[in-house]
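Results of the structural survey
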Amino acid sequence: NEDGYDLWLRYHLVADSNLLSRYRDAFTHIVVQGNHVVLRSAGAELARGLSGLLGRSIPVRDQIGKSAVVVGTKVDNTLGPEGFTIKRRTDRVEITGAGERGALYGAFRFLQQLQRQRPLERLDLTDRPASPLRMLNHWDNLNRSIERGYAGKSIFVWDELPGLRERYVDYARLLASVGINHTVINNVNASAEFLRSERLPGLAALAGVLRSWGVRLWLSANYAAPITLTADQPSPITVADPLDTRVQQWWQDKIDEIYRLIPDFGGFLVKANSEGQPGPLDYGRTHAEGANMLADRLAAYDGKLVWRSFVHEGFDDWAEYEYRVFHPLDGQFHANAVVQTKNGPIDFQVREPVNPLFGGLPRTNQMIELQVTQEYTGHSTHLCYLVPEWKSILGFQTHTGTGSGPTVADIVTGLAYDQENVGMAGVVNLGDDRDWTGYQLGAANTHGFARLAWNPKLSADEIVTDWIELTFGGDRQVVSVLKAIMLRSWSTYESYTSPLGMGYLTYPLGSHFAPAPTTTQNLSHHTTAEGTGFDRTAATGSGFTGLYAEHWQDIYGSLANCPDELLLFMHWVPYTHRLRSGKTMIQHIYDSHFDGYERVVEFRRAWGRLAGRVDQARYADIAATFDAHVIEAERWRDTIVSYFYGFSRIVPTGTGWLQL
Ligand code: GCW
């Protein structure tokens, strides 16, 4: 059945019959060397995958015979703790990890090579992940709603735990298949209920499933949990002050309790003093004091504390707040504490400058938070493949160290400051919809995030090709058409929703889907009859550009040097200002919105040409998504264009306009 449930883990019979018979000769059975649960998972996955791909049962055996696929571990200091090698010997294939998790990753990669019909001669490879922490963040609530989720309800049926569903295994397989090793299963707007003693055995059961696939379970913690969870006790705790000894003892007991049940518990993720959440500032303490109190108690168990830097209340310009709060705290966070920072200074817009906190916290462990779920990028209606955006962020040269470096990728892989507690977190798009991500093509973002966390040097082209071949097979036409669509989709979405870096043209308190430019006056733009944009320069504006290294201050601060794609983020500009293209700013806004819409129409047409090359069910499902995408792109185009026409009263020039 082609309902998208298998995502990229599709083990269908190898289509090329010559290759199939070569594979059948080369792989007849599997041998697992060792008894570790993760190795057994690797064996089970190989059996499942090979049996599907080869169309016959490929069993796990005790003895190595001819044409065995052998999976195991061997000490190898060059591989790092999670790396692997796949090696073809004369009579067998060896998949070897430096640790069990590496072996599991090797098993998945081996199967992916076969899914992509790689010749036997090209199966050998060695690989290891770049970032130590490759993490998903679920914004899942106790009632199974998902904040900013567009794929149904939470996968996790909390009230049924410790009862387990088969889908949890598939969830864990899906993570392991692309090297995700940590997952935070509940919303950062956290209910304290997740920490209630009655819930913990259930969560321990879930952690057990994840453990078999090399994934550690984490929880988002509500900072006021000691208050909430002692409210019905004879002498309740009434504060959450990190320096209060009763509060400290409460957390100590809670952490001890968790580790008794979940010995490999990953740690806590905390959103504090942000958007109404409680936190240490309520008691006059700093974010660092608040974080360290928890980090110290987790440290004894090898747990970690991830503290989000996403705070934006108080200043005139949202963009500056995070930096002003967190930069002074650099060096104060303890060794197992990690600050998790969104890629940009605003909030997951389709285009933002890189958050100046990258390069601004050289003495702090840092993770980057990317949004896989498409909160501001079209939910499950607009196709928006985000890997090209993430690539541009990870490749950003901060100029805060020697030369032009370090890049964001250098920071989150630990290279920049020689750190281990660093990595990448993705606010994930998974839900209990049959296809997991709400629309079939959305899974490319899930896959792409994980692949980049594994290796930020992979190109968007390589990653999307990998995903397409795994998901739809190797038909040349399908690969090339879909690849072209996917790789243009981010810039297309940008072109009809966010002129020249402006961003945030959707109602701030709403679902962040439809255009509502009037509601973000002052937040993302200052639109008048003469011009638009936001002056964030140090010379005449908010001063935001001054938070960057000098190199970028000069570029962003200057109207002449500022890159077009960030022009209206950094500057307020008259409508008649000429861009590098020679067009006026207002004409560019008009044209880009019309062009963007046309491109979406073209996406739909191109997909239509693949009829018959993709199974009917998935073909039709995706075609329906493009139908809806076209309608919504038109709505954005017309709203934004008429908004700026309304202010500027400048009539667009060029062909076609009069007929509209
Ligand atoms: O902008 C906001 C989102 C919220 C989210 C918040 C955050 C989890 O709209 O839904 O809350 O970002 O990242 O904390």
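Residues numbered from 1 in each chain as written. Predicted model: local features only at pLDDT ≥ 70, side-chain atom pairs only at ≥ 80, totals over all residues. Heavy atoms only, no water.

Considerations on the domain arrangement of the chain
Stated precisely, the cut-off is as follows: An automatic or database domain assignment provides the domain bounds reported here.
Assigned domains of the chain: these are domain 1 (17-127), domain 2 (133-472) and domain 3 (491-648). Centre-to-centre separation of domain 1 and domain 3, based on C-alpha positions: 47 Å.

Looking at the packing of helix 10 (residues 387-394) against helix 12 (residues 443-454)
What counts is decided by this rule: The axes are straight lines fitted to the C-alpha atoms, using for helices just the contacting stretch, and the angles between their N-to-C directions are given from 0 to 180°. Here a strand is any run of E in DSSP of at least two residues, a helix any run of H or I of at least four, and the numbering for each starts at the N terminus. Roughly parallel covers angles under 35 degrees, roughly antiparallel covers those over 145, roughly perpendicular covers 65 to 115, and oblique covers all other angles. Two helices crossing with the near one rotated counterclockwise from the far one by less than a right angle form a left-handed crossing, whereas a clockwise rotation gives a right-handed crossing. Note on definitions: a residue-residue contact is assigned when non-hydrogen atoms from the two residues lie within 4.5 Å.
Following both chains from N to C, one finds helix 10 and helix 12 inclined at 25°, their axes separated by 10 Å at the closest point. Here helix 10 lies roughly parallel to helix 12, going by the angle between them. When you trace helix 10 past helix 12, the crossing you get is right-handed. In contact with V387, W390, K391 and L394 of helix 10, helix 12 contributes N445, G448, F449 and L452.

Considerations on the sheet that holds strand 1 (residues 29-32)
Which entries qualify depends on this criterion: Any two strands with at least two DSSP bridges between them are considered paired.
The strand order across the open sheet formed by 6 strands is 2-1-3-5-4-6, and the pairing between neighbours is mixed. Strand pairing shows two members of the sheet lacking a second neighbour, strand 2 (60-61) and strand 6 (125-127), which therefore form its edges. With 4 bridges connecting them, strand 1 and strand 3 (residues 68-73) associate as parallel partners. From the neighbouring strand, V32 faces strand 3, where its bridge partner is V71.

A closer look at the layout of surface pockets
Which entries qualify depends on this criterion: Method remark: on a 1 Å grid restricted to protein atoms, a set of points is classed as a cavity if a 1.4 Å probe fits but cannot get out and as a pocket if it is open with protein on both sides within 12 Å along at least five of seven lines; lining residues have an atom within 4 Å of a point. Grid points are joined across faces, edges and corners, and a volume is the space filled by probe spheres set on the points. Under the convention adopted here, Pro, Cys and the residues Ala, Val, Leu, Ile, Met, Phe, Trp and Tyr are nonpolar, Asp, Glu, Lys and Arg are charged, and Gly plus all remaining residues are polar.
Here the largest pocket is characterised by a volume of approximately 520 Å³. In the lining of the largest pocket, the residues fall into 6 nonpolar, 9 polar and 8 charged. In terms of domain composition, the lining of the largest pocket takes at least three residues from each of domain 1 (17-127) and domain 2 (133-472).

Focus on the pairing of strand 1
Threshold: Whether a residue is buried, partly exposed or exposed follows from its accessible area with a 1.4 Å probe, protein chains only, as a fraction of its type maximum: under 20%, in between, or over 50%, in that order. When the strands point away from the viewer and the connection leading from the first strand across the helix to the second strand turns clockwise, the crossover is called right-handed.
Residue alternation in strand 1 divides its side chains into two sets, H29 and V31 and I30 and V32, and both sets are buried. For strand 1 and strand 2, the ladder comprises 2 bridges, and the chain directions are parallel. Bridge assignment links V31 to a residue of strand 2, and that residue is R61. Between the parallel pair strand 1 and strand 2, the chain is carried across by helix 2 (residues 37-54), and the sense of this crossover is right-handed.

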